[in-house]
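Coordinates in review
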Amino acid sequence: AIATAKIRQTKWAWAADIIDAVVRAVEQTVEEDLHGEAKKDVAIQYISDILSRAGLTLSDVEINTLIEAAVNTMNAENTIEFEPIEVTTEESVIE
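Summary of the structure given here.

About the cut-offs
Residues numbered from 1 in each chain as written. Predicted model: local features only at pLDDT ≥ 70, side-chain atom pairs only at ≥ 80, totals over all residues. Heavy atoms only, no water. Helix = DSSP H or I, 4+ residues; strand = E, 2+ residues; numbered from the N terminus. Contact = heavy atoms within 4.5 Å. Areas by Shrake-Rupley, 256 points an atom, 1.4 Å probe, with all protein chains shown as cover. Core = buried A, V, L, I, M, F, W, Y, C linked by side-chain atoms within 4.5 Å. Buried < 20%, exposed > 50% of the residue type's maximum accessible area, 1.4 Å probe, protein only. Expected span 1.5 Å × (residues − 1). Arc of directions from axis to C-beta.

**Quick notes on the overall build of the protein**
Regarding its fold elements, the protein presents four helices and zero strands. Listed by position from the N terminus, the elements making up the protein come as α-α-α-α. At a minimum sequence separation of 6, the contacts of the protein that also span at least 24 residues come to 67%. By element, 54% of the accessible surface of the protein is carried by carbon and sulfur atoms, the whole surface being about 7,600 Å².

See the structure below:
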């Protein structure tokens, strides 16, 4: 039972890594006019092919969940927070 749980955990992690990589690849390579569901459909096609070749079966819900997690992670990584800075004029610098 423990070995089966470890295998499932490993397969799940592997699938998550593959889906993350596919989402990033699709984001970087698909046509600029492809957005939202159309982009997701391209990712699902690649993911389904890779998982099928690996003999790994995930439900549509699991695939969609992992895609959303990958997108959320990617969006969080692309969020840049700027610290406010104090702007001084030339007059105050020359004093």
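Continuing now.
**Remarks on the side chain of Lys39**
Structurally, Lys39 is set in helix α2 (residues 36-54). Leave out the neighbours within four places in its chain, and Lys39 touches Val26, Glu27, Val30 and Leu34.

**Concerning the nonpolar core**
Core analysis: the biggest nonpolar cluster contains 18 residues, and Ile19, Ile47, Leu51 and Leu58 have the highest contact counts within it. Counting only elements with at least two residues in this core, the list comes to α1 (2-29), α2 and α3 (60-77). With six residues, α1 is the largest single contributor of residues to this core. Residues in contact with Ile19, not counting those within four places in the same chain, are Ile47, Leu58, Ile63, Leu66, Ile67 and Ala70.

**Overview of α2**
Spanning 19 residues, α2 covers 27 Å between terminal C-alpha atoms, matching the ideal 27 Å at 1.5 Å per step. Turning to α2, its buried residues are Lys39, Lys40, Val42, Ala43, Ile47 and Leu51. Each buried residue of α2 sits inside an arc of 160 degrees when the element is viewed along its axis, so together they form one side. Exposed side of α2, more than 90 degrees from the buried face: Glu37, Gln45, Ser52 and Arg53 are the residues found there.

**Brief notes about the side chain of Lys40**
Looking at where Lys40 falls in the secondary structure, it is placed in helix α2. The buried category is assigned to Lys40, whose relative accessible area is 17%.

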